[in-house]
Amino acid sequence: MSSFLQAFVDPKKNFLAAMHMKALTNRLSKYGLRYDDLYDPYYDLDIKEALNRLPREIVDARHQRLKRAMDLSMKHEYLPDDLQVKQTPFRSYLQEMLTLVKKEREEREALGALPLYQRTIP
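Keep in mind it's a predicted model, so treat the numbers as computed, not measured.

Rules used throughout
- Residues numbered from 1 in each chain as written.
- Predicted model: local features only at pLDDT ≥ 70, side-chain atom pairs only at ≥ 80, totals over all residues.
- Heavy atoms only, no water.
- Patch = residues over 30% accessible without salt bridge, like charges linked within 9 Å, V, L, I, M, F, W, Y side chains within 5 Å.
- Areas by Shrake-Rupley, 256 points an atom, 1.4 Å probe, with all protein chains shown as cover.
- Salt bridge = Lys/Arg side-chain N within 4 Å of Asp/Glu carboxyl O.
- Helix = DSSP H or I, 4+ residues; strand = E, 2+ residues; numbered from the N terminus.
- Core = buried A, V, L, I, M, F, W, Y, C linked by side-chain atoms within 4.5 Å.
- Buried < 20%, exposed > 50% of the residue type's maximum accessible area, 1.4 Å probe, protein only.
- Contact = heavy atoms within 4.5 Å.
- 1 Å grid on protein atoms, 1.4 Å probe; cavity = no way out; pocket = protein on both sides within 12 Å on 5 of 7 lines; lining within 4 Å.
- Points joined across faces, edges and corners; volume = space filled by probe spheres on them.
- Nonpolar A, V, L, I, M, F, W, Y, C, P; charged D, E, K, R; others polar.
- Expected span 1.5 Å × (residues − 1).
- Arc of directions from axis to C-beta.
- Polar contact = N/O pair within 3.5 Å; in protein donor to acceptor, adjacent residues only side chain to side chain.

Asks: I keep staring at a nonpolar patch on the surface and nothing clicks. Help me out?
Replies: Residues Met21, Tyr35, Leu38 and Phe90 make up a contiguous nonpolar surface patch of about 340 Å² in total accessible area. When you line up the elements, Met21 lands in helix H2 (residues 15–31).

Asks: Which parts of the structure should I look at to understand the nonpolar core?
Replies: In globular proteins that are soluble, nonpolar side chains generally tend to be buried together. By size, the foremost hydrophobic cluster in this structure holds nine residues: Ile47, Ala50, Leu51, Leu54, Val59, Tyr93, Leu94, Leu98 and Val101. For this core, the secondary-structure elements that each account for two or more residues are helix H3 (45–53) and helix H6 (95–111). In contact with Val59, other than residues within four places in its own chain, are Leu51 and Leu54. Grouped together as the second largest cluster of nonpolar side chains are six residues, Leu28, Tyr31, Leu33 and Leu79 included.

Asks: Mind showing me how you'd approach the layout of surface pockets here?
Replies: Any empty space left between atoms is shown by rolling a water-sized probe over those atoms. In this structure, the largest pocket encloses a volume near 300 Å³. Forming the boundary of the largest pocket are 13 residues, of which Pro41, Leu51, Val59, Arg62 and His63 lie nearest the centre. Taken together, the elements giving at least two residues each to the lining of the largest pocket come down to H3 and helix H4 (56–74). The greatest single-element share of the lining of the largest pocket, amounting to seven residues, is contributed by H4. When grouped by side-chain class, the residues that make up the lining of the largest pocket number seven nonpolar, two polar and four charged.

Asks: Would you mind going over H4 with me for this structure?
Replies: Turn by turn, an α-helix covers 3.6 residues, leaving residues three or four places apart pointing in a common direction. In a regular helix each residue adds 1.5 Å, so 19 residues correspond to 27 Å; H4 covers 27 Å between its end C-alpha atoms and thus fits that length. Those residues of H4 not exposed but buried are Val59, Arg62, Arg65, Ala69 and Leu72. Take H4 and look down its axis: the buried residues cluster within an arc of 155°, on one side only. Those residues of H4 that are exposed and angled more than 90 degrees off the buried face are Arg56, Glu57, Gln64, Lys67, Met70 and Met74. Elements that come into contact with the buried residues of H4 comprise H2 and H3.

Asks: Explain H6 to me, please; I cannot follow it from the model alone.
Replies: Between its first and last C-alpha, H6 extends 24 Å over 17 residues, near the 24 Å set by a 1.5 Å rise per residue. One or two steps after H6, the chain reaches Gly112, where phi turns positive at roughly 80°.

Asks: Sorry, what's going on with the side chain of Ser29 here?
Replies: Its place among the elements puts Ser29 in helix H2. For Ser29, a relative accessible area of 8% gives the class buried. At 2.8 Å, the side chain of Ser29 forms a polar contact with the backbone oxygen of Thr25. When near neighbours in sequence (up to four residues on either side) are disregarded, Ser29 contacts Leu79, Gln84, Gln87 and Pro89.

Spatial relationships are all this shows, so hold off on functional conclusions.
Here you go:
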């Protein structure tokens, strides 16, 4: 069943997945975002931990892209066409670190250790 689902969501094998990826690429390019920018660190603590482990320059670039996207959205504008062409929405910067953080968390849970971070109410 897993191979069926992987084939179903693979843009190279499924026409609908390719259409979805193209639409998402166009939408993200209009605002100058990357797909990894859509992850919310307040929703998942693994994402927050992965962002904390990334170099400061990468995190600053992420914040700049998010600020620019919010500014463009509030002005009801898009990036100029020459800048939209230069965008790389599916160039990942977070996935490797996020995978590492999730593996570490799962390993700690398997060994029965306490979690490194817990959600607390301020």
